[in-house]
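Notes for the structure review
The lines below spell out each chain.
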Amino acid sequence: MRAPAQAVTVGVDVGTTSVKALAVNEDGKVIARSRVPHSVMAPEPDILRHDATRAWRAGPRKAFRQVTEQLSAEGHRLAGVAVASMVPSLTAVSIRGVPLLPGLLYGDREGRPDARPGDDTVLPPGTMADAEGFLRWAAAAAPDARGYWPCQAVATHALSGLPAIDTGVTAALGSLHTRGHWNAELLSSLGVPESKMPMVVPMGQAAGELPGSDAVITGGTIDALCDQIVAGATEPGDVLVIFGATLIVWAVCDEWVVAPGLISYPHTTRERFLIGGPSNAGALFVDWARELLRGIPRPGPEREQLEPRLGEPGRVPVWLPYVRGERTPFEDHTLRSNLYGLDIGSGAEALERAAYEASGFVVRRMLDRSGVKATRIVASGGGSRVTAWMAAVADATNLPVDAVAVPEGAALGAAYFGRLAAGLETSLDDSARWAGVGRRIEPDPVWVRAAEARYARFSELGTGA
């Protein structure tokens, strides 16, 4: 006799280089997973775009189909779905919701006011000009479009026919959406009627149902928030680091802390606060650096069989990771990458280590600026699978790194939002039960001493300008 159908939810994360989907039960156990890769267009430092039809529409559909087919075969009942992705993003869509333009991503030059190729405009920290600039560009490029939607709306529409985003995403749209409404005056100045913008639903509430099903879908939400709620970084001194295409650093505090160049936010956990921000020293930089190194095993089973620390501790150069400028704390898109301390004996192993250490030094710089006394790093995202990277970060910060048990944190957190929308959960706080540590990487004292000198050099170099 078959057991009663178990209610599960699906979280879909549209990332910079792939779409991940997880089907999860009430205990946070992953029942099915899928990954659909896609490319990112970054031919110049100030361009970052997707083929939105592939990455935002076809990819989510394929990943969702793959996990739901497995659910059906095993007799599970789909109760809810949520999509997460990065902010800000935007494209123009047809009457069928098919993208008409490339999908602009965070930091693309079209988000800078009056930006042109070669423009050196530097936006102040915390600016929200990206979303408004994106909309201005899309409205001019496709004035007859049915709508102008961020990635979350395109993907949610692809699954349900509803172009829905939640109030978390609207908070990242700056002046386009204020006081709970679309800014009609600003939209009018851009020649965009409100009807061309996506529908907005409160965070964690249902936007509607999937066609032919009683499973609900909520408004698309923010990937980093989804990661945060299931990471388990809730105690003062915990430092959540999301090792995705973007490196995102949030140090947990028990009081509101403000520091120059850093961003402060309330934590989703009561009486906790966050300070830190995003950096370009994530996988976009690390993967680019590794592509330059011939003969180094790619991340995966082959590389994991090797020692995480290769080469000589004192023979590693310092790498400033600003291949696309830098976000926190400098907010300067004109910065560029440089290597310091190369010698004739420097090999691929030393350069790989330098790239990994650069991420660790960025984390440490934010911690130094914040004044937070850190006790551990909680690592999430695809990069947390790479032991050599985690070891370098542990050594660079002299902190243990706890890699989460489910690295697809954004998809996992989105699945929890699906449970909220389906009425299976009533509190965001309960998402903490889904958190778990997969393994711990401790700092190595010999490498810590060597990295200490390199961090001093990294700090002295600053922007490298």
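Residues numbered from 1 in each chain as written. Predicted model: local features only at pLDDT ≥ 70, side-chain atom pairs only at ≥ 80, totals over all residues. Heavy atoms only, no water.

Before going further, it helps to spend a moment on the pattern of salt bridges. Across all of its chains, the model carries 24 salt bridges by this definition. The partner of arginine 49 in a salt bridge is aspartate 108, with the nearest N and O atoms 2.7 Å apart. Within this pair, whereas arginine 49 is found in strand β4 (residues 49-50), its partner aspartate 108 is found in the loop between β7 (103-105) and α2 (129-141), the two being separated by 59 residues in sequence. Residue arginine 49 is classed as buried on the basis of its relative accessible area, which comes to 15%. Look at aspartate 108 and you get buried, because its relative accessible area is 0%. (Salt bridge = Lys/Arg side-chain N within 4 Å of Asp/Glu carboxyl O. Helix = DSSP H or I, 4+ residues; strand = E, 2+ residues; numbered from the N terminus. Buried < 20%, exposed > 50% of the residue type's maximum accessible area, 1.4 Å probe, protein only.)

Moving on, we come to the pairing of strand β22 (residues 376-380). In terms of burial, β22 is largely enclosed, as five of its five residues are buried. Every second residue of β22 is oriented toward a common face, with Arg376, Val378 and Ser380 on one face and Ile377 and Ala379 on the other, all of them buried. Pairing between strand β16 (residues 238-243) and β22: five bridges, direction parallel. Across the sheet, residue isoleucine 242 finds its bridge partner in β22, namely serine 380. Where β22 lies against strand β23 (residues 401-404), three bridges are found, and the strand directions are parallel. Bridged to isoleucine 377 within β23 is valine 401. For the segment spanning β22, helix α10 (residues 387-397) and β23, crossover handedness is right-handed. (Pairing = 2+ DSSP bridges. Right-handed = clockwise from strand over helix to strand, strands pointing away.)

Turning our eyes to something else, we now look at the sheet that holds β7. Taking strand neighbours across the sheet as the criterion, the four strands line up as β4-β7-β6-β8 in an open arrangement whose pairing is antiparallel. On the outer flanks of this sheet lie β4 and β8 (147-149), each paired with one strand and no other. Where strand β6 (residues 89-93) lies against β7, two bridges are found, and the strand directions are antiparallel. Across the sheet, leucine 90 pairs through a bridge with leucine 104, a residue of β7.

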